[in-house]
Amino acid sequence: SLGTNGELKSGDAFDCDVNGDGTIDAFDASLVLSEYAIVSTGGEGYLTEKQRKSADLNCDNSVDSLDASIILNYYVFISVGGTQEISEYIASIKL
């Protein structure tokens, strides 16, 4: 979902700030991997619906290692000076 004025806000779909702390980093990817490990072994995930939407970056209705990889790649991208918003970044990569 989009925030006001069409801007993505923390916790909105495609922002990948899974924990909602305002920063996209390796911790977000770690949460995704933890969720994936629990769910893939038959456990009940702990992410909220809003967090799952933020984490499902390839829109396949699954929070998995590909989503974590996208988050880590984006984190590296912005860490070295990349300026694209996450939605633009995702559109520019081949999934």
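As the structure is a computational prediction, the values presented were derived from the model and not from experiment.

A.B. asks: What's the story with the overall build of the protein chain in this structure? I'm lost.
C.D. replies: A tally of helices and strands in the protein chain yields four helices and zero strands. Starting at the N terminus and walking to the C terminus, you meet the elements of the protein chain as α-α-α-α. The proportion of buried residues among the 95 residues of the protein chain is 34%. Sequence-distant contacts in the protein chain: of pairs separated by 6 or more residues, those separated by 24 or more amount to 46%. A total of about 5500 Å² of accessible surface is found on the protein chain, and carbon and sulfur atoms cover 53% of it.

A.B. asks: Help me out: how do you make sense of the pattern of salt bridges in this one?
C.D. replies: Any two side chains of opposite charge can pair if their charged atoms end up close together. All told, the structure shown has one salt bridge when counted by the stated rule. The salt bridge partner of Arg 52 is Glu 49, with a shortest N-O separation of 2.9 Å. Note that Arg 52 and Glu 49 are positioned in helix 2 (residues 49-55) at a spacing of three residues, about one turn of the helix.

A.B. asks: I'm lost on the packing of aromatic side chains in this one. Help?
C.D. replies: Aromatic ring pairs are reported here in terms of the distance separating the ring centres and the angle at which the planes meet. Per the stated rule, a full pass over the model turns up three aromatic pairs. With centroids separated by 6.0 Å and ring planes inclined at 35°, the aromatic side chains of Tyr 74 and Phe 77 adopt a geometry described as tilted. In this pair, Tyr 74 and Phe 77 are both assigned in helix 3 (residues 65-79), three residues apart and thus about one turn of the helix distant. You can call Tyr 74 buried: its relative accessible area is 5%.

A.B. asks: Can you help me understand the side chain of Asp 56 in this one?
C.D. replies: You can see Asp 56 is positioned in the loop between helix 2 and helix 3. Buried Asp 56, no salt bridge; nearest opposite-charge side chain is Arg 52, N-O distance 8.9 Å. Leaving out residues up to four positions away in the same chain, Asp 56 has contacts with Asn 61, Ser 62, Val 63 and Asp 67.

A.B. asks: I would appreciate a short explanation of the nonpolar core in the present structure.
C.D. replies: Grouped burial of nonpolar side chains is what soluble globular proteins tend to show. Among the nonpolar cores identified, the biggest contains 17 residues, and Cys 16, Val 18, Val 32, Leu 57, Ile 71, Tyr 74 and Ile 86 are the most heavily contacted of them. The set of elements that each furnish at least two residues to this core consists of helix 1 (26-40), helix 3 and helix 4 (86-92). With four residues, the single largest contributor to this core is helix 3. Val 18 has contacts with Asp 28, Leu 31, Val 32, Leu 47, Gln 51, Ser 54, Ala 55 and Ile 71, leaving out every residue within four places of it along the chain.

A.B. asks: Just to check I follow, could you spell out the side chain of Asp 67 for this structure?
C.D. replies: With respect to the element layout, Asp 67 can be found in helix 3. Separated by 3.3 Å, the side chain of Asp 67 and the backbone nitrogen of Asn 58 make a polar contact. Residues contacting Asp 67, with those up to four places away along its chain left out, are Val 32, Ala 55, Asp 56, Leu 57, Asn 58, Asp 60 and Ser 62.

Conventions used here
Residues numbered from 1 in each chain as written. Predicted model: local features only at pLDDT ≥ 70, side-chain atom pairs only at ≥ 80, totals over all residues. Heavy atoms only, no water. Helix = DSSP H or I, 4+ residues; strand = E, 2+ residues; numbered from the N terminus. Buried < 20%, exposed > 50% of the residue type's maximum accessible area, 1.4 Å probe, protein only. Contact = heavy atoms within 4.5 Å. Areas by Shrake-Rupley, 256 points an atom, 1.4 Å probe, with all protein chains shown as cover. Salt bridge = Lys/Arg side-chain N within 4 Å of Asp/Glu carboxyl O. Phe/Tyr/Trp six-rings, centres within 6.5 Å; stacked < 30°, edge-to-face > 60°. Lys, Arg positive; Asp, Glu negative; His and termini not counted. Core = buried A, V, L, I, M, F, W, Y, C linked by side-chain atoms within 4.5 Å. Polar contact = N/O pair within 3.5 Å; in protein donor to acceptor, adjacent residues only side chain to side chain.

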